[in-house]
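An overview of the molecular structure
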Amino acid sequence: MRAGPAVKKVALKYCGGCDCTYDRLAYAKRILAVAQGRIRWVSMEGEGFNTILMIHGCHVACPEEKLGRNHPWRIVSVSDDRVAPEEIIDKLLERGGE
Amino acid sequence: MKRIETKEDYVMSLKDQKVRIYYNGQLVEDRSTHPGFVPHINSAAKTYELALMPEYEDLMTAKSHLTGKRISRFTHIHQSIDDLIKKVQMLRLISHETASCYQRCVGFDALNALYMTTYEIDEKYGTPYFKRFEEYLKRIQDENFMLVGGMTDPKGDRSKRPSEQADPDLFTRVVEKRKDGVIINGAKAHQTGAVNSHEIMILPTQAMGPGDEAYAIAAAIPLDVPGITMIFGRQTNEERKVEASLDAGNVDFGMVGGEALVVFENVFVPWERVFMCGEVDFCGTLVERFATLHRQNYGGCKGGIADIIVGASALAAQYQGTLNASHIKDKLVEMTHLAETVYSGSVACSALGSKTKSGAYYPDPLLANCTKHNITRHIYEISRLAHDVAGGILATLPFSRDLNNAEIGKYVEKFMKGVSGVSTETRMKVLRLLENMTGGTALVESMHGAGSPQSQRVMYQRLGKLPEKMRMARKLAKVNE
């Protein structure tokens, strides 16, 4: 019996959304739809992830700024909706599942 | 009280707490379903709803410095410059969701002002207020109830001090001190969100001096205790709230916060809820801190509301085919400039905030006053430009019932139509939204909320460093006199 494709665990983090330059929630929904079956989303308080998708409403990117550089995670950061959701998923899956 | 988490918890808690409110001469039986209050309840409920969404948690919640638990930011004591800025960002965010006042900032600011000031009162007099206040704070952070900040007294004859008034109740006062607490008489006017809050935090309304000790009172009072009566203020849109049609403009949310007169008639307050009692020398400090914290907000909340006015104005122009006219584009640019100007004031006073002795952070008072002063002008100018862009139709639009009338609806449909591809109803909805946000009570709130313009100008005189500016000018002019 063949095993199904590995599902990668990725943390999903949103900025506060004070003054978004695009509809970040609609864009996030598109990304989540494309990721279905390939990514299991967890919160930052969760465990077992090494990649974070950060959805920012603008280029200030507050949560990423706050995280600084000394952290163990790989960050895929979104600050506008110009990149196709498929490309974002490819980036998130780049290093395989764990 | 059971912890309030969700919008539904909040609405149910309002139903459960039996308060005495009059609306248009009638005693209200159930405030949670009264059509005069529902839009304001919806606005405040949004603060509970958004706090549970991961998409907004960074702004809507904070970590309590007392318990380490995640709490509503509206019950948080600012622990950093970042907290001060996040407060402003949060307000802009909620304005984008409601295009209205969501009321909880007043209680939020009262909590922060008291935290800083009780610490310093205790330091001087050895009183137990700070410790007592911390216990209260833990409770509100845990239960997440809604607190109205009770600042403004009716004040009667403004030329006279509290203790000189013909009617002593025109300033809220202690009429009796007992072993177990105090008895309070008086009233608080213009109380934003009072009818849909659970408690009121009364504060002294102004700086006071010797002889005014009875008026130097700060205390938290549940709104359902005997002796409290609330009388809701008449707004310019209340019949439309009852209709709940597109004529309301902002159908789900209020025009402003929903203000009430709160009357105290022999109200008993136990000592554990009293945070200042007679320390007249701290009234000025407490009032100035509350005012600064509250004036800090306005570029966030009104900036966010201005964003919606700009958007609605652009839609109105688009629907009537004028969006690409150069003068319309220029007016929208000017409105955007003014909106961002008020927002930058709020961010600036936060960024230049400082740590108080209590550890809580406090915005720069001069810049906070400047922010609010700009609101008393810029929101009027933004609204004036919105009226200019939208056209006279804003004042003469027929009723929604005319649009829906079997006999004459076809005329409204035909003659109120703008560009093809946009229905008349759509155009009317946007025009009504603009009308709702740019006239009547909405404008007066921008003028007087968080203090009338003159109160900010008094602060300019006090904080404007005029002697230092004169010294610098003397130095450059090489004069000594």
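Scroll up for the structure.
Residues numbered from 1 in each chain as written. Chains lettered and ligands numbered in written order. Predicted model: local features only at pLDDT ≥ 70, side-chain atom pairs only at ≥ 80, totals over all residues. Heavy atoms only, no water.

Details of the overall build of chain A
Our working rule: Secondary structure elements are defined from DSSP: runs of H or I of at least 4 residues count as helices, runs of E of at least 2 residues count as strands, and each element is numbered from the N terminus. Between the two quantities, the radius of gyration covers C-alpha atoms and the globule rule is 2.2 Å times the number of residues to the power 0.38. Relative accessibility thresholds used throughout: buried, under 20% of the residue-type maximum; exposed, over 50%; partly exposed, between the two (1.4 Å probe, protein chains only). Any two residues whose heavy atoms approach within 4.5 Å are treated as being in contact.
Broken down by element type, chain A carries 3 helices and 4 strands. Starting at the N terminus, the α and β elements of chain A follow one another as β-α-β-β-α-β-α. Its C-alpha atoms give chain A a radius of gyration of 14 Å, near enough to 13 Å, the size a compact globule of 98 residues would have. Buried residues in chain A amount to 38% of all 98 residues. Sequence separation of 24 or more characterises 67% of the internal contacts of chain A that already satisfy a separation of 6 or more.

Here's the deal with the overall build of chain B
Along chain B, the regular secondary structure elements total 17 helices and 14 strands. Relative to the globule expectation of 23 Å for 481 residues, the C-alpha radius of gyration of chain B, 23 Å, shows essentially globular dimensions. Across its three principal directions, the C-alpha atoms of chain B cover 75 × 70 × 50 Å. In chain B, buried positions account for 57% of the 481 residues. Contacts in chain B between residues far apart in sequence, at least 24 positions, make up 76% of those at least 6 positions apart.

Side note on the sheet that holds strand S6 (residues 173-177) of chain B
All names here are of chain B. Which entries qualify depends on this criterion: Any two strands are treated as partners once DSSP identifies two or more bridges connecting them.
What the 6 strands build is an open sheet, ordered S2-S1-S10-S11-S7-S6; its pairing is mixed. The outermost strands of the open sheet, each flanked by one partner alone, are strand S2 (26-27) and S6. Of the strand pairs in this sheet, strand S7 (residues 181-192) and strand S11 (residues 259-270) are connected by 9 bridges, and their pairing is antiparallel. Opposite Ala187, over in S11, you have Val263 as the bridge partner.

Looking at the sheet that holds strand S4 (residues 74-78) of chain A
Residue and element names in this part refer to chain A. This is how the line gets drawn: Axis definition: a line fitted to C-alpha atoms, over the contacting stretch in the case of helices. Angles run 0 to 180 degrees between N-to-C directions.
Strand order in the open sheet made by the 4 strands is S2-S1-S3-S4, with parallel pairing throughout. A single partner strand is all that each edge strand has here, and the edge strands are strand S2 (39-42) and S4. In this sheet, neighbouring strand axes are inclined to one another by 30° on average, regardless of whether the strands run parallel or antiparallel. Where strand S1 (residues 8-14) lies against strand S3 (residues 51-55), 5 bridges are found, and the strand directions are parallel. What sits directly across from Lys13, in S3, is Met54. Docked against the sheet, helix H3 (residues 85-93) engages S1, S2, S3 and S4, running at close to 170° with respect to S4.

A closer look at the interface of chain A and chain B
For the record, the criterion: Buried area adds together the accessible area that both of two parts lose upon being put together, with accessible area traced by a 1.4 Å probe. Whenever Lys or Arg places a side-chain nitrogen within 4 Å of a carboxyl oxygen from Asp or Glu, that contact is recorded as a salt bridge.
Facing the 12 residues of chain A at the interface are 14 residues of chain B. Contact between chain A and chain B buries roughly 1,000 Å² in total, counting both sides, with carbon and sulfur atoms accounting for 48%. Summed over the shared surface of chain A and chain B, the result is 3 salt bridges. The shortest N-O distance in the salt bridge between Glu57(B) and Lys13(A) comes to 3.4 Å.

Notes on the nonpolar core
Keep this limit in mind: To form a nonpolar core, buried Ala, Val, Leu, Ile, Met, Phe, Trp, Tyr and Cys residues must be joined to one another through side-chain atoms within 4.5 Å.
Formed by 129 residues in total, the largest nonpolar core has its most connected members in Met201(B) and Ile221(B). Looking at which element gives the most residues to this core, the answer is helix H8 (residues 283-319) of chain B, with 15 residues. In this structure, Met201(B) is in contact with Ala110(B), Leu111(B), Leu114(B), Phe133(B), Tyr136(B), Leu147(B), Val148(B), Gly149(B), Gly150(B), Ala219(B), Ala220(B) and Phe275(B), ignoring residues within four places of it in sequence. Counting 16 residues, the second-largest nonpolar core is a separate cluster that includes Ala28(A), Ile39(A), Leu53(A) and Ile55(A).

Focus: the side chain of Ser13(B)
Residue and element names in this part refer to chain B. Within the secondary structure, Ser13 is located in helix H1 (residues 7-16). Given the relative accessible area of 11%, Ser13 is considered buried. If sequence neighbours within four positions are ignored, Ser13 has contacts with Ile4, Arg31 and His198.

Quick word on the environment of Cys370(B)
Residue placement: Cys370(B) occurs in helix H10 (residues 365-390). Spatially, the C-alpha atoms of Cys370(B) and Gly353(B) are 14 Å apart, while their sequence positions differ by 17 residues.

Looking at unusual backbone geometry
All names here are of chain B. The backbone of Gln103 shows a phi angle near 75°, a positive value even though the residue is not glycine. A positive phi angle, close to 60°, is found at Asn144, a residue other than glycine. Following the sequence through the fold, Asn144 ends up in the loop between helix H6 (129-143) and strand S5 (147-150).

Side note on the side chain of Ser197(B)
Residues and elements named next belong to chain B. This is how the line gets drawn: Residues adjacent in sequence count toward polar contacts only when both atoms are side-chain atoms; beyond that, a polar contact is any pair of N or O atoms within 3.5 Å, and within protein one must be able to donate a hydrogen and the other to accept it.
Tracing the backbone through its elements, the reader meets Ser197 in the loop between S7 and strand S8 (199-202). By relative accessible area, which is 0% here, Ser197 ends up buried. Separated by 2.7 Å, the side chain of Ser197 and the backbone oxygen of Gly193 make a polar contact. In contact with Ser197, not counting residues within four places along its chain, are Leu14, Gln17, Arg31, Met146, Leu147, Val148 and Leu223.

Topic: the packing of aromatic side chains
Formally: When two rings of Phe, Tyr or Trp (its six-membered ring) have centres within 6.5 Å they constitute a pair, described as stacked for plane angles under 30 degrees, edge-to-face for angles over 60, and tilted for the intermediate range. A ring is considered to have a charge above it if a Lys NZ or an Arg CZ atom is located within 6 Å of its centre and within 35 degrees of its normal.
Summed over all chains, the structure comprises 16 aromatic pairs over all chains. With a centroid separation of 5.6 Å and 20° between ring planes, the pair formed by Phe49(A) and Trp73(A) is classed as stacked. Within this pair, whereas Phe49(A) is found in the loop between S2 and S3, its partner Trp73(A) is found in the loop between helix H2 (62-67) and S4, the two being separated by 24 residues in sequence. Residue classification places Phe49(A) among the buried residues on the basis of a relative accessible area of 10%. Considering the side-chain rings of Phe133(B) and Phe275(B), the 5.1 Å spacing of their centres and the 90° angle between planes classify their relative orientation as edge-to-face. One end of the pair, Phe133(B), is in helix H6; the other, Phe275(B), is in strand S12 (residues 274-277), with 142 residues separating them in the sequence. Residue Phe133(B) is classed as buried on the basis of its relative accessible area of 0%. With relative accessibility at 0%, the residue Phe275(B) sits in the buried group. An aromatic cluster of at least three residues, connected via ring pairs, comprises Tyr115(B), Tyr119(B), Phe130(B), Phe133(B), Tyr136(B), Phe145(B) and Phe275(B). It is Lys87(B) that lies over the ring of Phe108(B); its NZ or CZ is 5.5 Å from the centre. Lying over the aromatic face of Tyr343(B), Arg92(B) brings its terminal NZ or CZ to 4.1 Å of the ring centre.

Quick look at the pattern of salt bridges
What the rule picks out here adds up to 36 salt bridges over all chains. Taking the shortest distance from any N to any O, the salt bridge between Arg139(B) and Glu143(B) comes out at 2.9 Å. Of this pair, Arg139(B) and Glu143(B) both sit in helix H6, separated by 4 residues, roughly a single helical turn. Among the ionic pairs, Lys331(B) bridges to Asp388(B), the shortest N-O distance being 3.3 Å. One end of the pair, Lys331(B), is in helix H9 (residues 326-351); the other, Asp388(B), is in helix H10, and 57 residues separate them in sequence. Residue Lys331(B) is classed as buried on the basis of its relative accessible area, which comes to 17%. The exposure class assigned to Asp388(B) is partly exposed, which follows from its relative accessible area of 37%. Within this structure, Asp19(A), Arg92(B), Asp307(B) and Glu340(B) form a network of salt bridges that share partners.

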